[in-house]
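So the chains spell out like this:
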Amino acid sequence: MGKQDSLYIDKEHVICVEDESDFLDHFKPLAEAMKKSLIKQKKNVEENIF
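As a convention, each chain's residues are numbered from 1 in the sequence order in which they are written. At least 70 in pLDDT is required for a residue's local features to be given in this predicted model, at least 80 for side-chain atom pairs to be given and counted, and no such filter applies to totals for whole chains, interfaces and linings, which use all residues. To obtain the side-chain values, all non-hydrogen atoms of the structure were included, while hydrogens and water were left out.

Draft legend 1. Here's a closer look at the side chain of E18. Working definition: helices are DSSP H or I runs of at least four residues, strands are E runs of at least two. Numbering for both runs from the N terminus. Note that E18 resides in the segment before α1 (28-49). Exposure classes here rest on a 1.4 Å probe applied to the protein chains alone. A residue is buried below 20% of its type maximum, exposed above 50%, and partly exposed in between. The exposure class assigned to E18 is buried, which follows from its relative accessible area of 11%. There is a polar contact of 3.3 Å between the side chain of E18 and the backbone nitrogen of E32. A 3.5 Å cut-off defines polar contacts: any pair of N or O atoms within that distance qualifies, except that in protein one atom must be a possible hydrogen donor and the other a possible acceptor, and neighbouring residues in sequence count only when both atoms are side-chain atoms.

Draft legend 2. Inspection of α1 at higher detail. For α1, spanning 22 residues, the distance from its first C-alpha to its last is 31 Å, which sits close to the expected 32 Å at 1.5 Å a residue. Within the span of α1, buried status applies to A31, K35 and L38. Each buried residue of α1 sits inside an arc of 65° when the element is viewed along its axis, so together they form one side. α1 presents P29, K36, K40, K43 and N48 as exposed residues on the side facing more than 90 degrees away from its buried surface. One less than the residue count of a helix, multiplied by 1.5 Å, gives the span that helix is expected to have. Comment: arc refers to directions from the helix axis out to C-beta atoms.

Draft legend 3. Inspection of a nonpolar patch on the surface at higher detail. Residues I9, V14, I15 and V17 make up a contiguous nonpolar surface patch of roughly 330 Å² in combined accessible area. Assignment of secondary structure puts V17 in the segment before α1. Classification of V17 by relative accessible area gives partly exposed; the value is 36%. The patches described consist of residues with a relative accessible area above 30% and no salt bridge, like charges being joined within 9 Å and nonpolar side chains (Val, Leu, Ile, Met, Phe, Trp, Tyr) within 5 Å. Shrake-Rupley sampling with a 1.4 Å probe provides the accessible areas, and residues are treated as covered by the protein chains on show and by no other component. Every case where a carboxyl oxygen of Asp or Glu lies within 4 Å of a side-chain nitrogen of Lys or Arg is listed as a salt bridge.

Draft legend 4. Region of interest: the pattern of salt bridges. Scanning the model with the defined rule gives four salt bridges in all. In this structure, D25 engages K28 in a salt bridge whose closest nitrogen and oxygen atoms are separated by 3.5 Å. Note that K42 and E46 form a salt bridge whose closest N and O atoms lie 3.8 Å from each other. Remark: E46 and K42 occur in helix α1; sequence separation between them is four residues, near one turn of the helix. A relative accessible area of 37% means that K42 is categorised as partly exposed.

Okay, structure coming up:
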């Protein structure tokens, strides 16, 4: 499982790599899908462990 923290480029976890102006548009749909998947996986793990 990837680490969700690596999606963010600021300490507040607000700005993602895909939000940068130099991020190529044709990669944005894939990046968004991957981000949603990681968030869902993290939620599932937290629900099953805690």
